[in-house]
Amino acid sequence: LGTIAAPLRLPPAVAAQAEHAVNQRRKDDGASDEWPPMTISVMFRNIPNRYTPEEFVYEMALHGFEGTFDFIYLPIDFATKRGKGYGFVNFL
């Protein structure tokens, strides 16, 4: 993947909420069709538009969030084949 210039960081309050949600989800052994009460979706802004979705996932894993999310959406402009500078992550 090469070097990634600027690491993406969650604000401390969001990171704490995400960690709490992950811990709560791990405690819950029952299956349910409903969203867990502490599910958090976060919008990331100012993502370098050269990032691919794979690089974004790599950055998330690099900063300790591997296994804490189940969905990432990083929209791509099909005309330029580049990112649009924002994305969404659904934390468990």
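All figures in this text were calculated on a predicted structure; none of them were measured in a lab.

I would appreciate a short explanation of the environment of Phe 69 in the present structure.
Following the sequence through the fold, Phe 69 ends up in strand 2 (residues 69-73). Judged by relative accessible area, which is 17%, Phe 69 ranks as buried. With 29 residues separating them in the primary sequence, Phe 69 and Ile 40 have C-alpha atoms 9.3 Å apart. Residues contacting Phe 69, with those up to four places away along its chain left out, are Val 57, Met 60, Val 89, Asn 90, Phe 91 and Leu 92.

Sorry if this is basic, but what is going on with the nonpolar core here?
In globular proteins that are soluble, nonpolar side chains generally tend to be buried together. Within the largest apolar cluster, twelve residues are counted, these being Ile 40, Val 42, Phe 44, Ile 47, Tyr 51, Phe 56, Met 60, Phe 65, Phe 69, Leu 74, Val 89 and Phe 91. Where this core is concerned, the elements lending two or more residues are strand 1 (40-45), helix 2 (53-62) and strand 5 (86-91).

Which parts of the structure should I look at to understand the packing of aromatic side chains?
Any aromatic ring pair is given by two values, namely how distant the centres are and how the planes are angled relative to each other. Within this structure, the stated rule accounts for five aromatic pairs. Measuring from ring centre to ring centre gives 6.4 Å for Phe 69 and Phe 91, while their planes differ by 85°; the resulting arrangement is edge-to-face. With Phe 69 in strand 2 and Phe 91 in strand 5, this pair connects stretches of sequence that are 22 residues apart. With respect to burial, Phe 69 and Phe 91 carry one shared label: buried. Members of the aromatic cluster, connected to one another through ring pairs, are Phe 65, Phe 69 and Phe 91.

Which parts of the structure should I look at to understand the sheet that holds strand 1?
Note: strands within a sheet are paired through backbone hydrogen bonds, in either parallel or antiparallel orientation. Taken in spatial order, the three strands make up an open sheet running 1-5-2, and their pairing is antiparallel. Unpaired on one side and paired on the other, strand 1 and strand 2 mark the two borders of the sheet. Across the sheet, the mean angle separating the axes of adjacent strands is 20° when strand polarity is ignored. As judged from the four bridges shared by strand 2 and strand 5, these two strands associate in the antiparallel manner. If you follow Tyr 73 over to strand 5, its bridge partner there is Phe 88. Strands in contact with helix 2 are strand 1, strand 2 and strand 5; relative to strand 2, the strand with the most contacts, it is inclined by about 140°.

Got a minute to help me understand the side chain of Glu 55 in this structure?
Counting through the fold element by element, Glu 55 comes out in helix 2. Within the buried set, Glu 55 has no salt-bridge partner at all; the shortest N-O distance to an opposite charge, 4.6 Å, is to Arg 50. At 3.0 Å, the side chain of Glu 55 forms a polar contact with the backbone nitrogen of Thr 52.

What counts, and where the lines are drawn
- Residues numbered from 1 in each chain as written.
- Predicted model: local features only at pLDDT ≥ 70, side-chain atom pairs only at ≥ 80, totals over all residues.
- Heavy atoms only, no water.
- Helix = DSSP H or I, 4+ residues; strand = E, 2+ residues; numbered from the N terminus.
- Buried < 20%, exposed > 50% of the residue type's maximum accessible area, 1.4 Å probe, protein only.
- Contact = heavy atoms within 4.5 Å.
- Core = buried A, V, L, I, M, F, W, Y, C linked by side-chain atoms within 4.5 Å.
- Phe/Tyr/Trp six-rings, centres within 6.5 Å; stacked < 30°, edge-to-face > 60°.
- Pairing = 2+ DSSP bridges.
- Axes fitted to C-alpha atoms, helices over the stretch in contact; angles between N-to-C directions.
- Lys, Arg positive; Asp, Glu negative; His and termini not counted.
- Salt bridge = Lys/Arg side-chain N within 4 Å of Asp/Glu carboxyl O.
- Polar contact = N/O pair within 3.5 Å; in protein donor to acceptor, adjacent residues only side chain to side chain.

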